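Summary of the model geometry
Now for the letters of each chain:
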Amino acid sequence: MKKIGVFYWSGTGNTEAMANAIASGISKEGVEFDLVNISESTKDVGDYESLIFGCPSMGNEELEESEFAPFFDQVESMLSGKNVALFGSYGWGDGEWMRTWQDRVSSAGANLFEGEGLIVNETPDDEAIARCEEFASSFAKL
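Let me sum up the structure you'll find in this document. (Residues numbered from 1 in each chain as written. Predicted model: local features only at pLDDT ≥ 70, side-chain atom pairs only at ≥ 80, totals over all residues. Heavy atoms only, no water.)

Considerations on the overall build of the chain
Of regular secondary structure, the chain possesses four helices and eight strands. Walking the chain from its N terminus toward its C terminus, one meets helices and strands in the order β-α-β-β-β-β-α-β-α-β-β-α. By the compact-globule yardstick of 14 Å for 142 residues, the chain fits well, its C-alpha radius of gyration being 13 Å. Taking all 142 residues of the chain together, the buried fraction comes to 49%. Of the contacts formed within the chain by residues at least 6 apart in sequence, a portion of 77% connects residues at least 24 apart. Total accessible area computed for the chain in this model is approximately 6,700 Å², and 42% of it derives from carbon and sulfur atoms. Within the chain, one finds 9 positive and 26 negative side-chain charges whose respective centroids are separated by 8 Å. (Helix = DSSP H or I, 4+ residues; strand = E, 2+ residues; numbered from the N terminus. Rg over C-alpha atoms; globule rule 2.2 N^0.38 Å. Buried < 20%, exposed > 50% of the residue type's maximum accessible area, 1.4 Å probe, protein only. Contact = heavy atoms within 4.5 Å. Areas by Shrake-Rupley, 256 points an atom, 1.4 Å probe, with all protein chains shown as cover. Lys, Arg positive; Asp, Glu negative; His and termini not counted. Charge placed at Lys NZ, Arg CZ, Asp CG, Glu CD.)

Pasting the structure below:
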């Protein structure tokens, strides 16, 4: 049975709310998964067949620089051949951080889910939470 690793960082709680909704969507499909806040755990990305990463846009539309970016830099070389999905929240801009991140994942040889990440502006409302659950449910069926 496959196991999905959901690795995320959240500063204000918006990306964490998305991560919890993603966990709910995977759970509904009966697929085994771990929900990992990278600030609190050191689980190994290599232990998972499929991966979901979550990080908000920070600064000038970039991945969070002190914790998430170094973490992702370390695991990027392990993504080749894996199914990978991306998600995150943003407060300004047009999603450039997600497009850049998508390019990195694709260049690493991963199978990027739906060809793009799931982004939510500010705090996820009920509609956004439902989108997160649907996104994860579809990913879990791969």
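There's more to say after this.
Topic: the nonpolar core
One finds Phe7, Phe53, Phe68, Trp101 and Val105 to be the most contacted residues of the largest nonpolar core, which totals 25 residues. Elements represented by at least two residues in this core include exactly strand 3 (50–54), helix 2 (68–75), strand 6 (83–90) and helix 3 (96–107). With five residues, helix 2 is the single largest residue contributor to this core. Those residues in contact with Phe53 that lie beyond four places of it in its chain are Phe7, Val45, Phe68, Phe71, Phe72, Val75, Leu79, Val84, Ala85, Leu86, Phe87 and Trp101. Counting 21 residues, the second largest nonpolar core, distinct from the first, contains Ile26, Phe113, Val120 and Ala128. (Core = buried A, V, L, I, M, F, W, Y, C linked by side-chain atoms within 4.5 Å.)

Comments concerning the packing of aromatic side chains
The tally for this structure, following the rule as stated, stands at 12 aromatic pairs. An angle of 80 degrees between the planes, with centres 5.6 Å apart, marks the rings of Phe7 and Tyr48 as edge-to-face. Here Phe7, found in strand 1 (residues 3–8), pairs with Tyr48, found in the loop between strand 2 (32–37) and strand 3; they are 41 residues apart in sequence, far enough to count as distant. Owing to a relative accessible area of 0%, Phe7 belongs among the buried residues under this scheme. (Phe/Tyr/Trp six-rings, centres within 6.5 Å; stacked < 30°, edge-to-face > 60°.)

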